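Listed here are the chains, written in short residue letters.
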Protein chains: 2
Amino acid sequence: MQAAPSIQKLLDELERLPGIGPKSAQRIAYYILNTSTDAALELSRAIEDVKSTVSFCTVCFNYAQEAVCEICASEKRDHSLICVVSEPRDIPPIERTGVFDGVYHVLGGALSPMEGIGPEELRIKELMARLADEDIEEVVIATDPNIEGETTAAYLARLISPLGITVTRPASGLPVGGDLEFADEVTLGRAIEERRPVR
Amino acid sequence: MQAAPSIQKLLDELERLPGIGPKSAQRIAYYILNTSTDAALELSRAIEDVKSTVSFCTVCFNYAQEAVCEICASEKRDHSLICVVSEPRDIPPIERTGVFDGVYHVLGGALSPMEGIGPEELRIKELMARLADEDIEEVVIATDPNIEGETTAAYLARLISPLGITVTRPASGLPVGGDLEFADEVTLGRAIEERRPVR
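Residues numbered from 1 in each chain as written. Chains lettered and ligands numbered in written order. Predicted model: local features only at pLDDT ≥ 70, side-chain atom pairs only at ≥ 80, totals over all residues. Heavy atoms only, no water.

**Focus on the interface of chain A and chain B**
Accessible area lost during the coming together of the parts is what is often quoted as the interface size. Counting residues at the interface gives 53 residues for chain A and 53 residues for chain B. Summed over both sides, the interface of chain A with chain B buries roughly 4800 Å², with 66% coming from carbon and sulfur. Summed over the shared surface of chain A and chain B, the result is 2 salt bridges. Measuring nitrogen to oxygen at the nearest pair gives 2.4 Å for the salt bridge that ties Lys9 of chain A to Glu42 of chain B. Counting every contact that joins chain A to chain B gives 16 residue pairs in polar contact (both at pLDDT 80 or more). Looking at the side of chain A that touches chain B, the elements that each hand over two or more residues are α1 (5–15), α2 (22–34), α3 (37–53), α4 (70–73) and α5 (91–97) of chain A. It is α3 of chain A that provides the largest number of residues to the side of chain A that touches chain B, a total of 14 residues. The residue inventory of the side of chain A that touches chain B, partitioned by class, reads 28 nonpolar, 12 polar and 13 charged. (Contact = heavy atoms within 4.5 Å. Buried area = accessible area lost by both parts, 1.4 Å probe. Salt bridge = Lys/Arg side-chain N within 4 Å of Asp/Glu carboxyl O. Polar contact = N/O pair within 3.5 Å; in protein donor to acceptor, adjacent residues only side chain to side chain. Helix = DSSP H or I, 4+ residues; strand = E, 2+ residues; numbered from the N terminus. Nonpolar A, V, L, I, M, F, W, Y, C, P; charged D, E, K, R; others polar.)

Spelled out as structure tokens, the structure:
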């Protein structure tokens, strides 16, 4: 027998979320049913608030609650250093490393002829405008280390290098703490090619 | 740098859900940010609806949108057969087996002297009232096969058996499709003790 209609509706909606299968959806739905109404409404309101208050930073196209995001607005950041990423979700992991103090530029995807995503579909024009207007010394192209990401990085490097701006890419290599034995051959090959002197 | 306040609030709320860690929360938050406002509001409304429309069935204490849940209200179910479970979340897995056509009774927990949960904290009085008023032939006690569940089952069996009602418990044994080699020794021991003739 089916669950009550509103429970079934909640299950359906939860199953749409990434990484949530039928069992996780059920676990979460019963948690919501079992918790206080106030606690459940905190969640539903957080979803509504995020949709009504968050839009894109007009400078870097990260998600922002103001016209300009907190990173672009910060005087503590190095505004001559831009890290180019595909999506806003790529920014928090870079922030967590604590080693990058520049600003960002979100492309909104990566070049993919297969999916019909060309330079026009990405915020490349906006990036080039920033490079023309601001005093930029280095652009780190942190697109994903896959075919689309590498293609995008190569395309951008060809556009940006002639401007006399340093273009870099995060190093490829073995994950720290990983097992050499279990590294895939492409990663291990790249790590050996890009080997560095021990200091 | 922290995420925008409303994104951080959504992350915090998502991380409260069972089985959702920081990485899953981030994945879901970015999915919500990236999806249409309509799709996101479907989810927040489903949460609100479930809290405003769902309460407990007055007969079996399963979650229900009406005073009596669909199972208790159904004429297709065998109302002389009651399956006793600890929580509403135990009902869907039993329904999915398709082998049980009786009705349910939700205790709201299991006996646990450690956590101060005695018979008064569970809906045992309500169960005994049903057994007195209705024409019940069998009670299947499907509490969890752990200490609290077994204690509860033994307690209920002592109360119910004198009424001349058959009291049963789902069989313990090896999971179907599992490996005997990997079964824990208690389960394997129980499976051997409760061995059945091959027909």
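Further notes follow.
**A few points about the packing of aromatic side chains**
Residues and elements named next belong to chain A. Enumeration according to the criterion identifies 6 aromatic pairs over all chains in this entry. Considering the side-chain rings of Phe100 and Tyr104, the 5.2 Å spacing of their centres and the 55 degrees angle between planes classify their relative orientation as tilted. The class of Phe100 is buried, set by a relative accessible area of 14%. Above the face of the Phe56 ring, Arg123 is positioned so that its terminal group lies 5.2 Å from the ring centre. (Phe/Tyr/Trp six-rings, centres within 6.5 Å; stacked < 30°, edge-to-face > 60°. Buried < 20%, exposed > 50% of the residue type's maximum accessible area, 1.4 Å probe, protein only. Lys NZ or Arg CZ within 6 Å of the ring centre and 35° of its normal.)

**Thoughts on the state of the cysteines**
All names here are of chain A. Taken as a whole and judged by the stated rule, the model has 0 disulfides over all chains. You can see Cys57 has no disulfide; the closest cysteine sulfur is in Cys60, sitting 3.7 Å from it. Given a relative accessible area of 0%, Cys57 falls into the buried group. Free cysteine Cys60: the closest other cysteine sulfur is in Cys72, separated by 3.7 Å. Judged by its relative accessible area of 1%, Cys60 is buried. (Disulfide = S-S within 2.5 Å.)

**What about the relation of the copies chain A and chain B?**
For the match of chain A to chain B, the screw axis carries a shift of 0.0 Å, the RMSD comes to 0.0 Å, and the turn is 180 degrees. Those values place the two copies in the arrangement expected of a two-fold rotation axis. Ranked by how close their C-alpha atoms come to the rotation axis, the residues of chain A are headed by Ser44 of chain A, at 2.1 Å. Same-surface contact between copies: 100% of interface residues of chain A are shared with the interface of chain B. (Least-squares fit on C-alpha atoms with pLDDT ≥ 70 in both.)

**Remarks on the sheet that holds strand β5 (residues 138–141) of chain B**
Residue and element names in this part refer to chain B. Pairing is parallel across the open sheet formed by 4 strands, whose spatial order is β4-β3-β5-β6. At either end of the open sheet lies a strand with only one pairing partner, and these are β4 (102–106) and β6 (166–168). Recorded for the sheet is a direction-independent mean angle of 25 degrees between the axes of neighbouring strands. For strand β3 (residues 78–85) and β4, the ladder comprises 5 bridges, and the chain directions are parallel. When the sheet's bridge partners are listed, Asp78 is paired in β4 with Gly102. Each of β3, β4 and β5 touches helix α6 (residues 124–133); the most contacted strand, β4, lies at about 150 degrees to it. Packing of helix α7 (residues 147–160) onto the sheet brings it into contact with β3, β5 and β6, and relative to β5 it is tilted by some 170 degrees. (Pairing = 2+ DSSP bridges. Axes fitted to C-alpha atoms, helices over the stretch in contact; angles between N-to-C directions.)

**Section: the nonpolar core**
Ranked by internal contacts, the top residues of the largest apolar core, which has 40 residues, are Leu10 and Ile32 of chain A together with Leu10 and Ile32 of chain B. Looking at this core, the elements with two or more residues in it are α1, α2 and α3 of chain A together with α1 (5–15), α2 (22–34) and α3 (37–53) of chain B. Look past the residues within four positions of Leu10 of chain B in its chain and what remains in contact with it is Leu43, Ala46, Ile47 and Val50 of chain A together with Ala29 and Ile32 of chain B. (Core = buried A, V, L, I, M, F, W, Y, C linked by side-chain atoms within 4.5 Å.)

**Quick word on the pattern of salt bridges**
For the structure shown, the criterion picks out 14 salt bridges over all chains. Across the salt bridge formed by Arg16 of chain A and Glu13 of chain A, the nearest N and O atoms sit 3.3 Å from each other. By relative accessible area, Glu13 of chain A is classed as buried at 4%. What you see here is one network of salt bridges that share partners, running through Lys9, Glu13 and Arg16 of chain A together with Glu42 of chain B.

**Concerning the packing of α2 of chain A against α3 of chain B**
At a closest axis distance of 9 Å, the pairing of α2 of chain A and α3 of chain B adopts a crossing angle of 50 degrees. By the angle between their axes, α2 of chain A is oblique relative to α3 of chain B. Taken as a pair, α2 of chain A and α3 of chain B cross one another with a handedness that is right-handed. Residue-level contacts link Ile32, Leu33 and Asn34 of chain A of α2 of chain A to Ile47, Val50 and Lys51 of chain B of α3 of chain B. (Parallel < 35°, antiparallel > 145°, perpendicular 65-115°, else oblique. Left-handed = near helix turned anticlockwise from the far one by under 90°.)

**Some remarks on α2 of chain A**
Taking 1.5 Å per residue as the helical rise, α2 of chain A with its 13 residues ought to reach 18 Å, and the 18 Å between its terminal C-alpha atoms agrees with that figure. Along α2 of chain A, the positions that sit buried rather than exposed are Ala25, Gln26, Ile28, Ala29, Tyr30, Ile32 and Leu33 of chain A. Elements in contact with the buried residues of α2 of chain A: α1 and α3 of chain A together with α3, β2 (63–64) and α5 (91–97) of chain B. (Expected span 1.5 Å × (residues − 1).)

Coordinates in, geometry out; function isn't part of it.
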